[in-house]
Amino acid sequence: MKHVFDFLMISGVLLGIIFIIAMQFTKNGRDKSVLYLNFVIVFLILNNLQAFLLEAVFIDAPFFIQRLQIPWYLMILPSFYTFLIHYLKIENKLFSIFKFSLILFSIELLIRIFLFPEYYTKDKNLTIGQYVQIEEIINASYSIYLFIKSLLILFKYSALYQPILVFDNLKWLKNFMFLGGIVMLMWVCAILLNIDNSVDPQEFIYYPLRLSSTILLYWIGYQGFYNYSLMTERIQLRKEIASEAKETAEASLDSQNQSEESKLEKIKKYIEKKQRYLDPAFSLEKLSSEMEISTSSLSHIINQESEYNFSDYINYLRVEKAKKFLKKPNYAAYTIVAIGLECGFNSKSTFYSAFKKFTSVTPSEYRQIKVL
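Keep in mind that this is a model prediction, so the values were computed, not measured.

A. Summary view of the packing of aromatic side chains. Using the criterion set out here, one finds 24 aromatic pairs in the structure. Measuring from ring centre to ring centre gives 5.6 Å for Y73 and W187, while their planes differ by 90°; the resulting arrangement is edge-to-face. Linking Y73 in the loop between α3 (63-67) and α4 (76-87) with W187 in helix α8 (residues 171-193), this pair joins segments that are 114 residues apart in sequence. By relative accessible area, W187 is classed as buried at 11%. Their ring planes at 50° and their centres at 5.6 Å tell us that F83 and Y87 sit as a pair that is tilted.

B. Molecular detail of the packing of α4 against helix α6 (residues 125-155). Between α4 and α6, the shortest axis-to-axis distance is 9 Å and the interhelical angle comes to 20°. The angle between α4 and α6 places the two elements in the roughly parallel class. The crossing of α4 and α6 is left-handed. Of α6, the residues touching α4 (which contributes L77, P78, F80, Y81, L84 and I85) are Y142, S143, L146, F147, K149, S150, I153 and L154. Of the residues contributing to the contact of α4 with α6, the split by class is eleven nonpolar, two polar and one charged.

C. Inspection of the side chain of R234 at higher detail. In this structure, R234 sits in helix α9 (residues 207-254). Among the polar contacts made by the side chain of R234, one reaches the side chain of E342 at a distance of 2.6 Å. Ignoring any residue separated from it by four or fewer positions in sequence, one finds R234 in contact with V166, F167, A338, L341 and E342.

D. Spotlight on the side chain of D279. If you trace the backbone, D279 turns up in the loop between α10 (263-273) and α11 (284-291). There is a polar contact of 2.9 Å between the side chain of D279 and the backbone nitrogen of A281. A polar contact is formed between the side chain of D279 and the side chain of K286, at a distance of 3.1 Å. Setting aside residues up to four positions removed in sequence, D279 forms contacts with K286, R318 and G344.

E. Expanded view of the pattern of salt bridges. With the rule as written, the count across this model stands at seven salt bridges. The salt bridge partner of K286 is D279, with a shortest N-O separation of 3.1 Å. The exposure class assigned to K286 is partly exposed, which follows from its relative accessible area of 33%. Within the structure, one salt-bridge network assembled from shared partners comprises R276, D279, K286 and E290.

F. Representation of the nonpolar core. Of all hydrophobic cores here, the largest spans 58 residues; its most connected members are F80, Y87, L88, Y161 and L173. Of all the elements in the fold, those that place two or more residues in this core are α1 (2-24), α2 (32-56), α4, α5 (97-114), α6, α8 and α9. Among the elements that take part in this core, α8 stands out by supplying nine residues, more than any other. Those residues in contact with F80 that lie beyond four places of it in its chain are V40, S150, L173, F176, M177 and I220.

Criteria and thresholds
- Note that residues are indexed from 1 along each chain, following the sequence as it is written.
- Where totals are concerned, whole chains, interfaces and linings use all residues; where local detail is concerned, this predicted model gives features only for residues with pLDDT of at least 70, and gives and counts side-chain atom pairs only at 80 or more.
- Side-chain figures throughout are based on the complete set of non-hydrogen atoms in the structure, without hydrogens or water.
- Stacked, tilted and edge-to-face are the three classes assigned to paired rings of Phe, Tyr and Trp, where Trp is represented by its six-membered ring and a pair needs centres within 6.5 Å; plane angles under 30 degrees give stacked, over 60 edge-to-face, the rest tilted.
- Helix and strand assignments follow DSSP, with helices taken as H or I runs no shorter than four residues and strands as E runs no shorter than two, numbered in order from the N terminus.
- Buried residues are those whose accessible area, probed at 1.4 Å on protein chains only, stays under 20% of the maximum for their type, while exposed residues exceed 50% and partly exposed ones sit between those limits.
- Where helices are involved, their axes are fitted lines through C-alpha atoms of the stretch in contact, as for all axes, and angles between N-to-C directions lie from 0 to 180°.
- Oblique is the label for any angle not covered by the other classes, which are roughly parallel (under 35 degrees), roughly antiparallel (over 145) and roughly perpendicular (65 to 115).
- Crossings are sorted by hand: turned counterclockwise from the far helix by less than a right angle, the near helix makes the crossing left-handed, and turned clockwise it makes it right-handed.
- Residue contacts are counted whenever heavy atoms from the two residues lie within 4.5 Å of one another.
- By the convention adopted, Pro, Cys, Tyr, Trp, Phe, Met, Ile, Leu, Val and Ala count as nonpolar, Lys, Arg, Asp and Glu as charged, and the other residues, Gly among them, as polar.
- The term polar contact refers here to a pair of N or O atoms within 3.5 Å; inside protein, the definition further demands a hydrogen-donor-capable atom paired with an acceptor-capable atom, and it admits residues adjacent in sequence only when both atoms are side-chain atoms.
- Definition used for salt bridges: Asp or Glu carboxyl oxygen within 4 Å of a side-chain nitrogen of Lys or Arg.
- Among buried residues, those of type Ala, Val, Leu, Ile, Met, Phe, Trp, Tyr and Cys that are joined through side-chain atoms within 4.5 Å constitute a nonpolar core.

Listed below in structure tokens is the structure:
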């Protein structure tokens, strides 16, 4: 069982290194949010690598080294918290926790230097063991404090980051906080179970904690990077769509046809000119309210006078909009998911399904055909 755990730990270290290197070669690799996300993974790697080396390689190291390990774990929650406030674009509104944490981390390193004369003194083992216990309790309390602050930001202070909610509902972050709460509880239990064993703590108690936290933090690393990249692309696309809409509106005013239009043409012109189809929540009821026509009348006009029902017509417009972005070489750097979401679809699956329905190919195939 120990060999399996060691294998998973070292595999996780290698995976983390590959993940960080891969992120550095992306276009968002140097953004602050990604930087602090990398710090989360770096400190996790250092913590796991240290534990692996001491338990598998330097098993006969002196007591001082075995117990006074470098507290890399102290920086994991501060790095995540700092990533969170940068991701939500509220970094100017909150105190720099990361800098304070570095100071605390440095103090703990200085204490290790101060205690260095006790390196081979067995009579001091109890003192060192008790210090490590106190230090871990302080660090755990500090991490729990940051975890609670993160929870409050996500669930109570959403007014601080309303612009971000337009592009990301943060469900992935809220799921992480729920699972992270279970990991924090496991850490508290591990401390309590070893409270009477300051000199010879049972390390196996920490195995489930290390494994679960490793899996969880690598998952948040991937999710954080993916969602941050998606959000930045959507923000840029939103600006370009707005600019395009302004040009279209101006052109429409210049060439406005004053002839009498059918009811269907008026409905279509309203939807297309105002680009209402870009709203993922746009519905027949919303259109009815905006145009002051009953839903039954609207439905009848669209069904009887056009080749589509309301839902298909809206999705057709969204697909046509997406096609414009997919076939332009200057939009090749944007992901297909970001384009689909900004064109009004609420998920990747609905975008792909509608696109295939109206074009008989997937968005990926269409981009490849049109751009090449």
